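Coordinate inspection notes
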Amino acid sequence: MATKKFMFVNRKAPYGTVYALESLEVVLIAAAFDQDISLAFIDDGVYQITKGQDTTGIGQKNFSNAYKALGDYDISKMYVEKESLEERGLTPDDLMNLVWEDEDDDYKEKSSIILVNREEMAAVMAEQEVTLSF
Amino acid sequence: MASLEINGQSIELDEEGYLVDLGSWTPEVGEALAKAEDVELTDEHWDIINFLREYYEEYQIAPAVRVLTKAVGKRLGKAKGNSKYLYSLFPYGPGKQACKYAGLPKPTGCV
């Protein structure tokens, strides 16, 4: 099967709407078809991968740990927009430790998070063949 | 809606035989789900089922077969981390079938 460059653009907070969870589901499906996948986290979307999420107060499932499994699905490119973090008073330290294992480098764990500025994000988006926005 | 009777309790199943309430799972429920499909669970089956439950506990998703295969290889050794072995235990597909007995939802992307 031909491989295409897919980008999933996440702009919404993880809870309150179903966008983040739906995006994650589609990402997992696309991964099952061996596509070249990257994720983008922009605007409130950066909250999707913050550490220490606790959903007990809203009675919803906390699915944030699922992002940690994406490395197992060979998803190793998670672009996070620097400006979006800064506008929300967040730093890269507020994000979960998301890694993938490099089979060609003795299964060394490498970070999947790639910090980019707005301009760089636009350039990465321009390279994509399929862009899905959530 | 289908259901499973166990120790006088009725456990709800969806149209494909997966648990509606994941919290209603016990090892006995796993046995009964397998028995309903004429499968006798061995220790080897349980290794995979327990592994799936731990995986779900940690990541909140049921892994795709490819991911399961890789992860089992890492955890239980190369001899078990291949699809031939997993299909010998779960001929209807390790994702689909083992997840059902483990009380997990059907893996995302599994058709």
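The text that follows walks through the structure, step by step, so that each part is easy to find. The structure presented is a predicted model; accordingly, all values stated were derived computationally and were not measured. (Residues numbered from 1 in each chain as written. Chains lettered and ligands numbered in written order. Predicted model: local features only at pLDDT ≥ 70, side-chain atom pairs only at ≥ 80, totals over all residues.)

Time to look at the overall build of chain B. Of regular secondary structure, chain B possesses five helices and two strands. Going from N to C terminus, chain B has its helices and strands arranged as β-β-α-α-α-α-α. Along the three orthogonal principal directions, the C-alpha set of chain B runs to about 40 × 25 × 25 Å. Looking at the 111 residues of chain B, the share that counts as buried comes to 29%. (Helix = DSSP H or I, 4+ residues; strand = E, 2+ residues; numbered from the N terminus. Buried ≥ 20, exposed ≤ 12 C-beta atoms within 10 Å, placed from the backbone.)

Our focus in this paragraph is the overall build of chain A. Of the regular secondary structure elements, chain A holds four helices and seven strands. The N-to-C order of helical and strand elements in chain A reads β-α-β-α-β-α-β-β-β-α-β. Projecting the C-alpha coordinates of chain A onto the three principal axes gives extents of approximately 45 × 30 × 30 Å. The buried share of chain A, taken over its 134 residues, is 31%. Residue pairs at least 24 apart in sequence account for 76% of intrachain contacts in chain A once pairs closer than 6 positions are excluded. (Contact = placed C-beta atoms within 7 Å.)

What follows covers the sheet that holds strand S2 (residues 36–41) of chain A. Residue and element names in this part refer to chain A. Taking strand neighbours across the sheet as the criterion, the five strands line up as S6-S3-S2-S1-S7 in an open arrangement whose pairing is parallel. The sheet is open, and its two borders are formed by strand S6 (113–116) and strand S7 (130–133), each paired with just one other strand. When strand polarity is set aside, the average angle formed by the axes of neighbouring strands in this sheet is 25 degrees. Judged from the four bridges that link them, strand S3 (residues 78–81) and S6 form a sheet pairing that is parallel. The partner of methionine 78 across the bridge, within S6, is isoleucine 113. Here helix H1 (residues 19–32) sits on the sheet and contacts strand S1 (5–10), S2 and S7; the angle it forms with S1, its principal contact strand, is near 165 degrees. Lying over the sheet, helix H4 (residues 118–126) contacts S1, S2, S3, S6 and S7, oriented at roughly 145 degrees with respect to S3. (Pairing = 2+ DSSP bridges. Axes fitted to C-alpha atoms, helices over the stretch in contact; angles between N-to-C directions.)

Attention shifts here to the pairing of strand S4 (residues 99–102) of chain A. All names here are of chain A. Bridge count for S4 against strand S5 (residues 108–111) is four bridges, and the pairing is antiparallel. The residue of S5 that forms the bridge with valine 99 is serine 111. Turn length for the S4-S5 hairpin, with the two strands adjacent in sequence and antiparallel, is five residues, and the turn residue aspartate 106 shows positive phi of about 55 degrees.

Time to look at the interface of chain A and chain B. In many reports, interface size means the accessible area that the parts give up when they come together. The interface is formed by twelve residues belonging to chain A together with eleven residues belonging to chain B. A total of four residues in the side of chain A that touches chain B trace back to one element, the largest contributor, which is H1(A). Each residue belonging to the side of chain A that touches chain B can be placed in one class, and the counts come to seven nonpolar, one polar and four charged. (Nonpolar A, V, L, I, M, F, W, Y, C, P; charged D, E, K, R; others polar.)

Turning to the packing of helix H2 (residues 43–59) of chain B against helix H5 (residues 94–101) of chain B, a few remarks are in order. All names here are of chain B. Contact geometry for H2 and H5: axes closest at 9 Å, N-to-C directions at 80 degrees. By the angle class used here, H2 and H5 are roughly perpendicular. Of H5, the residues touching H2 (which contributes Ile48, Ile49 and Leu52) are Pro94, Ala98, Cys99 and Tyr101. Class assignment of the residues belonging to the contact of H2 with H5 gives a composition of seven nonpolar, no polar and no charged. (Parallel < 35°, antiparallel > 145°, perpendicular 65-115°, else oblique.)

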